Structures are given as C-alpha cells and as structure tokens.
There are 2 protein chains.
Amino acid sequence: MRSGGGDGAVGDDRARGGRPGRGDVVAAAVRLFTEEGYEATTMDAVAAAAGVSRRSLFRNFGSKEDILFAEHDGLFATVERYLAAAPGDDPVATVRAAARMVFQGYVSAPEITVPRYRLVRAVPRLRDREIAMTARYQAAFSRYLARGETEGDRVLAGEAVAASVIAAHNHVLRSWLHAPDRPVPWARFDRAMEYVTASLGGVLREAGGGAGPASVLVAVYPSGLGGDDVLRRVRAALETAGPDAAGPAAGNEGTPEDGDW
Amino acid sequence: MRSGGGDGAVGDDRARGGRPGRGDVVAAAVRLFTEEGYEATTMDAVAAAAGVSRRSLFRNFGSKEDILFAEHDGLFATVERYLAAAPGDDPVATVRAAARMVFQGYVSAPEITVPRYRLVRAVPRLRDREIAMTARYQAAFSRYLARGETEGDRVLAGEAVAASVIAAHNHVLRSWLHAPDRPVPWARFDRAMEYVTASLGGVLREAGGGAGPASVLVAVYPSGLGGDDVLRRVRAALETAGPDAAGPAAGNEGTPEDGDW
DNA sequence: CGGAGAATGGCATCTAGTGTCACAGTAGAT
DNA sequence: ATCTACTGTGACACTAGATGCCATTCTCCG
C-alpha cells in the first residue's frame, strides 16, 4: 500500500501535496477509531490526526458517524438513479441487480467496509446507523416495486421482496466480511438472490422470463455530465472495479468465480 | 381523559400523589415533543414539565430518545422470553405468533405509539431509532429460526422469513397507525402473515400443518416471579389488554373483527 | 424511633454539533 | 498583472445531550 493513503477508492480529490482530502480524513479517522475505540476518540483528535480543523470536519462530513458512512451516500444515490431509470418490465430482476450494485459497492472498498464492520459490531450507535442505511435501500426497493400504488397486496408483496432481498444481501455480505481475503462470493450472492426472489416474487413478475443473473456492466451517471467525464469514470470503474466517494460509479464484471456450489 | 394522566397502559407505578412515575414523564415528554417539536424541546423543559430533575430524567431513561421508546424494552424482553420458551415443532408459526405479540404491543398503547409515529416520520433521528428497534426483533426472529446453525441455506431462509415477517408486520401496522380510531385490523395482519410465510417458510417447516391463526392468550413471565404476581399481572393484562412498561405482559383475544376481506 | 439502602437533586464537566466572522486560496474579468 | 467575487478554511463562542460525583431526601424495615 502507498504511504499516506488517499489514492484508493476512497475519494481522492487532489490529495497529492496540498490539503488533506476526504480520503485522508476518513483513513485517519478509521485508524483512530480502530486503535483507540470509537467513543474514546474525540473529534479534536480526528481533526489533529487528519491535519484539518475541527470545524472543517463537521462542515465536510456533518457528524462523527458520517465520517465512517461517507461513501454510502454516493452509492445510494447511484442505486436510486438506477432504479429511476430502469425499465419496469421485470421489476424483481431490477431490484436484484440494484442489490448487486450495493454488494459491489461494499466489496470494492474493503479498506473502509472491513474495519467499519468491526466497529459496527462493537458500537451500538454505529450498528443502528448501519441498519438505518440498509433500511434506506430497502425503502427504495419497496418504493420502486410499489410503483405508485399505496395499498393492496402489490405493496405488501413488494415490501416482502425488498426485505428478503436486503436480508439475502446482508447474509452473503456478512459471510464475506468475516473473511474478506477470500474471493468475492458472487455465486453465493446470485444463488441467495435467486432463492429469496423465486417464491415471493411471483406476484410482481408479470412479463419476461426468469432471466438468469445479469452479467453486464451497469453504469449510471448524473445527466449533466460531460462525455469526457463519463468516459473517464467508466474506464476508472472498469480498472479499479470500485466506486469512489466523490463521484458515483459502479463497475463489475459479474462472472461467478466462486467455487463453493 | 383524566387530568394529569398516568393511569393508562403506560406504566403507572403509584403515580397517584407522590412523585411522578414513568408514565407521567413519558406523557409530558410526548406532549412537549408534539406541541413544540422534538429538537426544539430541551431536556430541561421535559424535566420541568414532568416535575422531576434533569438528572433523574437521564438516570431513569438513559437518553432523550429512550423516553419515547421506553416501553419497547419490556415488550422486546417479553418476545425474547417467548421465543426462548417456545417449542420448536413449528418455528414459522412461533415467529408469526411473536410478531403478533409485537403488533399487540403497538395497538394496545395508542397514546404512545400514535404520536410517536408522527414524530418518527418527521425526525430522521427518531426514524432511525424506530428502524433499529424493528431490526432487533428481526434479529431475534432470525436467531430463533437459525437455531444454532451459523451457515447454510437454513440460516438464509430464516433471515428471509424474519425479514418478510417484519415487513408484513410493519405494513399492517402503518396502515393502522394512519387511522388508529378504526378497529385493529387483526384479519389483515393474519392474512399478511399467511401470505409472506406461505411460500418462503417451506424450508423451515418440517412438522405440523399450517395451523391457522392462534387465538389463545399467550403470557410469558420471568421464572423468578411469585404466584400472586403472576395472577395479578395476568388479570391486569386481561383487563387492560396492554403491557405496562415496568412489567412485561401481553394480552390479546385475537378474534378477527375486521370487515375488509 | 433510627439506621441502611435506594432514589433524587444539584453541580461540574465533557463532547458533539451549530452559528458567526475573519482570512486565505482561486478563478475570472478588465 | 491587479482587482474582484467566490469558495473553502480556521478560530471563537455557544447550545444541549450525556456522565460522574456527592450531598440530601425518601422509604422500607427492624
């Protein structure tokens, strides 16, 4: 790994020589939280370790927790744009693909997600925060599956599917987080998704066959983005296979490379 | 409604003339939160309105949020004891009954749950807290359904069922919270439970037929409780049909009395 | 009545989070 | 190249949730 960190998939805004960027701050905070404990680490300590002022910390991250969950917002925004732009012909498959994007977002930034997972398991406050994050995804899935309706079995079915998809996602994700050095269990992920959506999704699937796991590149970007930027981000996503915090990007060549089934 | 409040199903520990009990404090806090907003209400204001000192507030409730979610802990403990003592012959039915207890806990204390629902929808911090609470139930359900196993399809199936049950519970609960004056939709609740567990629960159901909705009184108490206490609590539960904050109790005569199916 | 134990109140203190203002770095216009 | 408008940063002050400490009060029981 490089010396000071800050060119990974964390969020590198010119962290070369000038002021420390978001990535550096997050790295310093994660280190302090891990070494000295989350509660015991004051924001002054984080500010000092990161080389910024305490005020700038709050300005750029909002709160102490948000330092750990900063990259989540970009990923969530990407997922929401994906759902908004997705065709409605096979909603369950769309949600499954969206969950795949979330999973991809986790496994492609292990420098953050792995130590954060340890912290989340230890600190109740952070655990609640993580749960609230996944609940946001679940709510987005439910909204998409409901498609305007506000009452009836359709809504209930959508919420059940969304909950099950999130549960399956978390199930596979946890198993990976326990041993992040092993290859990413894409096969197990797809199998789990298949399992939870096979039975429950019946009500929602009105057209289009089952359609196996999608192994295509999915990229969603803000509409007001220049062509060069899009090209650059797609290339970056293909190379590093990971989204950065500043700009949303999700790249993934989803060939199952797991050997356990 | 009585003058000072405090004899409902909130948690009345001798709130007659002496010091204000938990129920009075919660009632005062809910009133302030509703009238002046959650963030705008300081703990000093709550302490003054409830007639206790600020220090005692924190001592008895732990935090500002916990004032709103105080009764949840008792209900959760009851559910956990119920799961621990339940026979394992039909785990899905057991979880369904546990969800019914939770639902009962909500609908039997509308003086708290209804205004809290309004607050939860408005204040993000409280929304996260509510989500974390339901996640605790979901985790308890998953643990019960996993029954020791830590890997494999059994665990995934259990987590999916737990997530779906919670989703169905929340679905019906929300619809009731929007119009709490209408009769409690027990029929819709049972139908939703039936729906989400019919397809997914197959893996987990190994014995015992479907077994329609249980319409029996379920009461779980700590083992170190005197016979008189048990009798008194059962009677109280039967009369008020609601758990109080100090002691866990869940009463419910579950005859479907809803007219919409 | 009196003492033991628990609950309460008051005080000091810590820390997350916010508002405000002065200052520095930067891009664009003349 | 200089002025200017804008954006980000740092420093200070302040609010409020939360905790530790200790004296006081209340309650239960012998």
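Let us look at the structure shown here. The structure presented is a predicted model; accordingly, all values stated were derived computationally and were not measured.

### Topic: the overall build of chain A
Here is step 1 of the chain: Within chain A, the regular secondary structure consists of 11 helices and 0 strands.
Here is step 2 of the chain: For chain A, the succession of helices and strands along the chain, N to C, is α-α-α-α-α-α-α-α-α-α-α.
Here is step 3 of the chain: Across the 261 residues of chain A, 49% fall into the buried class.

### Concerning the interface of chain A and chain B
Here is step 1 of the chain: Between chain A and chain B, the residue contacts involve 27 residues of the former and 27 residues of the latter.
Here is step 2 of the chain: The junction of chain A with chain B conceals about 2100 Å² of combined surface from both sides, 63% of it contributed by carbon and sulfur atoms.
Here is step 3 of the chain: The largest per-residue losses of area from chain A upon contact with chain B belong to L156, H171 and Y195 of chain A, which jointly make up 28% of the total buried on that side.
Here is step 4 of the chain: The interface formed by chain A and chain B includes 4 salt bridges.
Here is step 5 of the chain: One salt bridge connects R191 of chain B with D153 of chain A, and the closest N-O pair in it is separated by 3.9 Å.

### A word on the protein's contact with DNA strand D
Here is step 1 of the chain: DNA strand D sits among 18 residues. The nearest are S56 and R59 of chain A together with R54, R55 and K64 of chain B.
Here is step 2 of the chain: In the interface set of DNA strand D, defined as its atoms within 4 Å of the protein, sugar plus phosphate atoms amount to 48%.
Here is step 3 of the chain: One nitrogen or oxygen atom from the side chain of S53 of chain A is found 3.0 Å from a phosphate oxygen belonging to DNA strand D.
Here is step 4 of the chain: Looking at the surface near DNA strand D, the elements with two or more residues in it are α3 (54-61) of chain A together with α3 (54-61) of chain B.
Here is step 5 of the chain: Sort the elements by how many residues they give to the surface near DNA strand D and α3 of chain A lands first, with 4 residues.
Here is step 6 of the chain: When grouped by side-chain class, the residues that make up the surface near DNA strand D number 3 nonpolar, 7 polar and 8 charged.

### Concerning the packing of aromatic side chains
Here is step 1 of the chain: In the structure shown here, the tally under the stated rule is 10 aromatic pairs over all chains.
Here is step 2 of the chain: Taking the centre distance of 6.3 Å and the plane angle of 80 degrees together, the rings of W186 of chain B and F189 of chain B count as edge-to-face. With a gap of 3 residues between them, W186 of chain B and F189 of chain B both fall in helix α10 (residues 186-200), about one helical turn apart.
Here is step 3 of the chain: Through a chain of ring-to-ring contacts, three or more aromatic side chains come together here, namely F103, W186 and F189 of chain A.

### As for the environment of V79 of chain B
Here is step 1 of the chain: If you trace the backbone, V79 of chain B turns up in helix α5 (residues 70-85).
Here is step 2 of the chain: Non-local contacts of V79 of chain B, meaning those with residues more than four positions away in its chain, are made with A98, M101, V102, Y137 and F141 of chain B.

### Some details on the pattern of salt bridges
All names here are of chain B.
Here is step 1 of the chain: Scanning all chains against the criterion turns up 22 salt bridges over all chains.
Here is step 2 of the chain: The salt bridge involving E80 is made with R143; its shortest N-O contact spans 3.1 Å. Note that E80 is positioned in helix α5 and R143 in helix α8 (residues 124-146), a separation of 63 residues in sequence.
Here is step 3 of the chain: We classify E80 as partly exposed; its relative accessible area is 33%.
Here is step 4 of the chain: Where R96 meets E194, a salt bridge forms, and the shortest distance between an N and an O atom there is 3.5 Å. Placement of the pair is R96 in helix α6 (residues 91-107) and E194 in helix α10, with a sequence separation of 98 residues.
Here is step 5 of the chain: Overall, the relative accessible area of 11% leaves R96 in the buried class.
Here is step 6 of the chain: Since its relative accessible area comes to 37%, E194 is described here as partly exposed.

### Regarding the protein's contact with DNA strand C
Here is step 1 of the chain: Residues in close proximity to DNA strand C total 16 residues, the closest being R54, R55 and K64 of chain A together with S56 and R59 of chain B.
Here is step 2 of the chain: Expressed as a percentage, the sugar and phosphate content of the atoms of DNA strand C within 4 Å of the protein is 45%.
Here is step 3 of the chain: In the model, a base nitrogen of DNA strand C is placed 2.8 Å from a nitrogen or oxygen of the R59 of chain B side chain.
Here is step 4 of the chain: Those elements that provide at least two residues to the surface near DNA strand C are α3 of chain A together with α3 of chain B.
Here is step 5 of the chain: Element by element, the count of residues in the surface near DNA strand C is highest for α3 of chain B, at 4 residues.
Here is step 6 of the chain: Partitioning the surface near DNA strand C into residue classes produces 3 nonpolar, 7 polar and 6 charged.

Criteria and cut-off values
- Residues numbered from 1 in each chain as written.
- Chains lettered and ligands numbered in written order.
- Predicted model: local features only at pLDDT ≥ 70, side-chain atom pairs only at ≥ 80, totals over all residues.
- Heavy atoms only, no water.
- Helix = DSSP H or I, 4+ residues; strand = E, 2+ residues; numbered from the N terminus.
- Buried < 20%, exposed > 50% of the residue type's maximum accessible area, 1.4 Å probe, protein only.
- Contact = heavy atoms within 4.5 Å.
- Buried area = accessible area lost by both parts, 1.4 Å probe.
- Salt bridge = Lys/Arg side-chain N within 4 Å of Asp/Glu carboxyl O.
- Near = heavy atom within 4 Å.
- Polar contact = N/O pair within 3.5 Å; in protein donor to acceptor, adjacent residues only side chain to side chain.
- Nonpolar A, V, L, I, M, F, W, Y, C, P; charged D, E, K, R; others polar.
- Phe/Tyr/Trp six-rings, centres within 6.5 Å; stacked < 30°, edge-to-face > 60°.

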